[in-house]
Amino acid sequence: MRTLEAGRRHLLRFTLNGRPVEGWAEPRLLLSDFLRQELGATDGHVGCEHGVCGACTLRIDGRAVRACLMLAVQAEGCAVETVAGLGAADGGLDDLQAAFRRHHALQCGYCTPGILMSLTQLLVDEPDADGARIRDVLSGHLCRCTGYQGILRAAEEVFAARRRAGGEAKEGES
Ligand code: FES
Ligand code: FES
């Protein structure tokens with residue numbers, strides 16, 4: 001493990017949405033600040049800066065984390081994914097993003113990147129999540145605009161559609 005000197009900037013490398021990136025960070029610099037200030041990656045948002053609002057949620061090595069609760073140097077060598085890395089293979093919206101648009105699941109959009117990343121994680125970890133579980137995950141995100149109903153409708157629709165698609169694929173195999 002390399003020794004990090006307080007007050008000194010250290011070269012840091014990881015992948016961001018599949019692309020290798022590097023920049024300099026003092027050991028105390030938060031990952032959320034490093035992404036925005038050092039890399040110019042402003043697609044992730046920063047609200048409370050103490051782990052409450054969920055706006056800064058991204059994925060690191062396949063796990064959803066809050067970038068404001070992590071030091072930038074802890075991301076060394078990791079695979080970091082942000083909302084800019086979501087989308088369909090053809091460059092359009094993925095099913096979750098498209099459902100958000102259909103159901104008007106955002107207004108100002110400040111909370112949206114974090115919510116999309118948490119729901120993306122939930123789709124991976126718990127594809128059978130029901131409405132109660134989705135609500136449980138959304139309770140870790142503060143949205144001041146939408147009243148959450150559109151977000152819930154969008155998320156429930158995508159979970160149901162993926163379950164149907166999974167069931168049909170299994171039937172096709174048998
Ligand atoms: S900015 Fe990270 S949880 Fe609010
Ligand atoms: S859409 Fe404005 S905070 Fe959620």
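The sections below set out a description of the structure shown in this document. (Residues numbered from 1 in each chain as written. Chains lettered and ligands numbered in written order. Predicted model: local features only at pLDDT ≥ 70, side-chain atom pairs only at ≥ 80, totals over all residues.)

Re the overall build of the protein
Part 1: A count of helices and strands for the protein gives five helices and five strands.
Part 2: Listing each helix as α and each strand as β along the protein from the N terminus yields β-β-α-β-β-β-α-α-α-α.
Part 3: In terms of overall size, the protein behaves like a compact globule, its C-alpha atoms giving a radius of gyration of 17 Å where 174 residues would be expected to give roughly 16 Å.
Part 4: The C-alpha extent of the protein, read off along each of the three principal axes, is 55 × 40 × 25 Å.
Part 5: When each of the 174 residues of the protein is scored for burial, the buried share is 32%. (Helix = DSSP H or I, 4+ residues; strand = E, 2+ residues; numbered from the N terminus. Rg over C-alpha atoms; globule rule 2.2 N^0.38 Å. Buried ≥ 20, exposed ≤ 12 C-beta atoms within 10 Å, placed from the backbone.)

A look at the environment of Ala79
Part 1: With respect to the helices and strands, the residue Ala79 is situated in strand β5 (residues 79–81).
Part 2: Here Ala79 falls in the partly exposed class, since 15 other C-beta atoms lie within 10 Å of it.
Part 3: With 63 residues separating them along the chain, Ala79 and Leu16 place their C-alpha atoms 6.4 Å apart.
Part 4: Once residues lying within four places of it in the same chain are set aside, the contact partners of Ala79 are Thr15 and Asp61. (Contact = placed C-beta atoms within 7 Å.)

Some words on the packing of helix α2 (residues 95–102) against helix α5 (residues 149–173)
Part 1: Orientation of α2 relative to α5, taken along the N-to-C sense of each, is 140°, at an axis distance of 8 Å. The angle between α2 and α5 places the two elements in the oblique class. For the crossing formed where α2 meets α5, the hand is right-handed. Taken together, the residues of α5 that come into contact with α2 (itself represented by Asp95, Leu96, Ala99, Phe100 and Arg102) are Ala154, Glu157, Val158 and Ala161.
Part 2: For the contact of α2 with α5, a count of residues per class yields six nonpolar, no polar and three charged. (Axes fitted to C-alpha atoms, helices over the stretch in contact; angles between N-to-C directions. Parallel < 35°, antiparallel > 145°, perpendicular 65-115°, else oblique. Left-handed = near helix turned anticlockwise from the far one by under 90°. Nonpolar A, V, L, I, M, F, W, Y, C, P; charged D, E, K, R; others polar.)

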